[in-house]
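Below are the chains, spelled out letter by letter.
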Amino acid sequence: MVISGTTKICGVIGDPIEHTLSPIMQNAAFEAMELDYAFLAFKVQVKEVGNAINGMRALNIHGFNVTMPHKNAVIKYLDEIDPTAKTIASVNTILNKDGRLFGFNTDGVGALNALEQNGVSIKGKKVLLLGAGGAGKAIAYTLSQESDEFVILNRTPKQAEELSAILKQKFKKKIKAGTFSPESIKDNIADADVLINATSVGMAPNPDQTPTLSEWLKPELVVMDIIYNPLETKLSKDAKAAGAKVISGVEMLIYQGAASFEILTACNAPIDVMKQAALIHLGKVQN
Ligand code: ATR
């Protein structure tokens, strides 16, 4: 990669940022596509978000990915927000177009593509989503437009209820909300086609945790855990053992990154290159 006076500078802002995979995936993609772009990671404290976005304008930085905890905080500094990001009040991609900053959210489309590219259609299906945090909201927004029935269970039920009310009104679909509890998970999993874990249950440093009992899982179920650390969660292992189709968290990571790449470059993303770069970094495959 040659960085020169014409190179378009992009980056990811967040705190903590040390473990981000965005620079690894995006720079691999830029290189493979021979694009004059470079991607860095910026650790930005909560109190510096406004300065970071104003700095983006001042330095003519071409684009940002936005990660925790700034996905909501950046919104007030942007000029335009796309309908998805606006509804869920969460931006994970910012494009600087001639000084105007546009906010997008690619988490939902990332989840949808992760499912579809692995042969899973949501149309006519019952989806059970665990979690209504930043990622959960984005997934609910995109997938509930496709599904027949959508159920959101969250530890803080109010968040799931507010989300379902907004989506129900917007898409006129069958969307329900409830509490993340063993009883409601068991009840809803019984006739669900797709289970998505968008909570942090099972994430490092607690890889032995899982939101379901293994006996609730069945071969007809598709299970997508959006956690990618560990690469294979306890939920994924239990689902595999039950004969269910399992989609790993790396898939959503790649497809949301690919959608961001397409916003930043207006080119089709080299998915295989991005996936290989992420997996090498995660130690899953050898270089
Ligand atoms: P992300 O951006 O990854 O979605 P987040 O916005 O912090 O991260 O969301 C984390 C999700 O995990 C939330 O749905 C959270 O539930 P609350 O809204 O009640 O906080 C959920 N979560 C975190 N720890 C949990 C736990 N121990 N049990 C159940 N849900 C949990």
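Each value, and the rule that gives it
- Along each chain, the written sequence defines residue order, and numbers are assigned to residues from 1.
- Thresholds applied to this predicted model are a pLDDT of at least 70 for local features of residues and 80 or more for the giving and counting of side-chain atom pairs; totals over whole chains, interfaces and linings are not thresholded and use all residues.
- Note that the side-chain values use all heavy atoms of the structure and ignore hydrogens as well as water.
- Each helix is a run of H or I in the DSSP string that is no shorter than four residues. Each strand is a run of E no shorter than two, and both are numbered from the N terminus.
- A simple rule labels every residue: compare its accessible area, found with a 1.4 Å probe on the protein chains alone, to the largest value its type can have, and call it buried under 20%, exposed over 50%, or partly exposed in between.
- Contacts are residue-level and defined by heavy atoms, with any inter-residue pair within 4.5 Å sufficient.
- Near, as used in this document, describes a residue that has one of its heavy atoms within 4 Å of the molecule or strand being considered.
- Pairs of N or O atoms within 3.5 Å make up the polar contacts considered here, provided that, within protein, one atom can donate a hydrogen while the other can accept it, and that residues adjacent in sequence are counted only when both atoms are side-chain atoms.
- Working definition of accessibility: Shrake-Rupley area with a 1.4 Å probe, residue cover restricted to the visible protein chains.
- The classification used treats Ala, Val, Leu, Ile, Met, Phe, Trp, Tyr, Cys and Pro as nonpolar, Asp, Glu, Lys and Arg as charged, and all other residues, Gly among them, as polar.
- Geometry is summarised by axes, namely lines fitted to C-alpha atoms with helices restricted to the contacting stretch, and by angles between N-to-C directions that run from 0 to 180 degrees.
- In this scheme the handedness of a crossing depends on how the near helix is turned from the far one: anticlockwise by less than a right angle means left-handed, clockwise means right-handed.
- Criterion used throughout: strands pair if DSSP finds at least two bridges between them.
- Whether a crossover is right-handed comes down to one check: with the strands pointing away from the viewer, does the path from the first strand over the helix to the second run clockwise; if it does, it is right-handed.
- Note that the arc is defined by the directions from the helix axis to the C-beta atoms.

Considering the arrangement of structural elements, one finds F180 in the loop between β9 (174-179) and α7 (182-189). For F180, a relative accessible area of 23% translates into the label partly exposed. Sequence separation of F180 and D148 is 32 residues, and the distance between their C-alpha atoms is 21 Å. Beyond its immediate sequence surroundings of up to four residues, F180 is in contact with L130, L153, N154, R155, I185, T199, V201 and P211.

This next bit is on the side chain of T142. Here T142 shows up in helix α5 (residues 134-143). In this structure T142 comes out as buried when scored by relative accessible area, which is 14%. Setting aside chain neighbours within four positions, we find T142 in contact with G108, V109 and L112.

What follows concerns the site of the ligand. Taken together, 15 residues form the shell around the ligand, and within it G134, A135, N154, R155 and T156 come nearest. In the model, an oxygen atom of the ligand is placed 2.8 Å from a nitrogen or oxygen of the G134 main chain. Within the backbone of A135, one N or O atom sits 2.9 Å away from an oxygen atom of the ligand. Notes on the ligand: free accessible area 650 Å², of which the protein chains cover 70%. Here the residues of the shell around the ligand sort into 6 nonpolar, 8 polar and 1 charged.

Packing of helix α4 (residues 107-116) against α5 leaves a shortest axis separation of 7 Å and a crossing angle of 65°. For the pair α4 and α5, the sense of crossing is right-handed. Contact with α4, carried on its side by D107, G108, V109, A111, L112 and L115, involves A138, I139, T142 and L143 of α5 and no other residues of that element. A per-class count over the contact of α4 with α5 returns 7 nonpolar, 2 polar and 1 charged.

Let us look at the pairing of strand β8 (residues 149-154). Summarising burial for β8: 6 of the 6 residues are buried, a large majority. Residue alternation in β8 divides its side chains into two sets, E149, V151 and L153 and F150, I152 and N154, and both sets are buried. Bridge count between strand β7 (residues 126-130) and β8: 5 bridges; the pairing is parallel. Paired with L130 across the strands is L153, a residue of β8. Taken together, β7, α5 and β8 form a β-α-β motif whose crossover is right-handed. In this sheet, β9 lies alongside β8 in parallel orientation, the contact comprising 6 bridges. Residue pairing in the sheet places N154 in a bridge with T179 of β9.

Before going further, it helps to examine the sheet that holds strand β5 (residues 93-97). Strands belonging to one sheet form pairs held by backbone hydrogen bonds; the direction of such a pair is parallel or antiparallel. A sheet is described by the order of its strands in space; here 6 strands give the open sequence β2-β1-β3-β5-β6-β4, paired in mixed fashion. Pairing within the sheet leaves two strands with one partner each, and these edge strands are β2 (37-43) and β4 (80-81). Sheet topology places strand β1 (residues 8-14) next to strand β3 (residues 63-66); 4 bridges connect them, and they run parallel. Pairing of I13 across the sheet is with V66, part of β3.

Inspection of α7 places S184, I185, N188 and I189 among the buried residues, and these make up the whole buried set. Down the axis of α7, the buried set is contained in an arc of 125°. They therefore lie on one face. Facing away from the buried surface of α7 by more than 90 degrees, the exposed residues are P182, E183 and D187. Here the buried face of α7 lies against β7, β8, β9 and β10 (194-197).

Geometry only, nothing functional implied.
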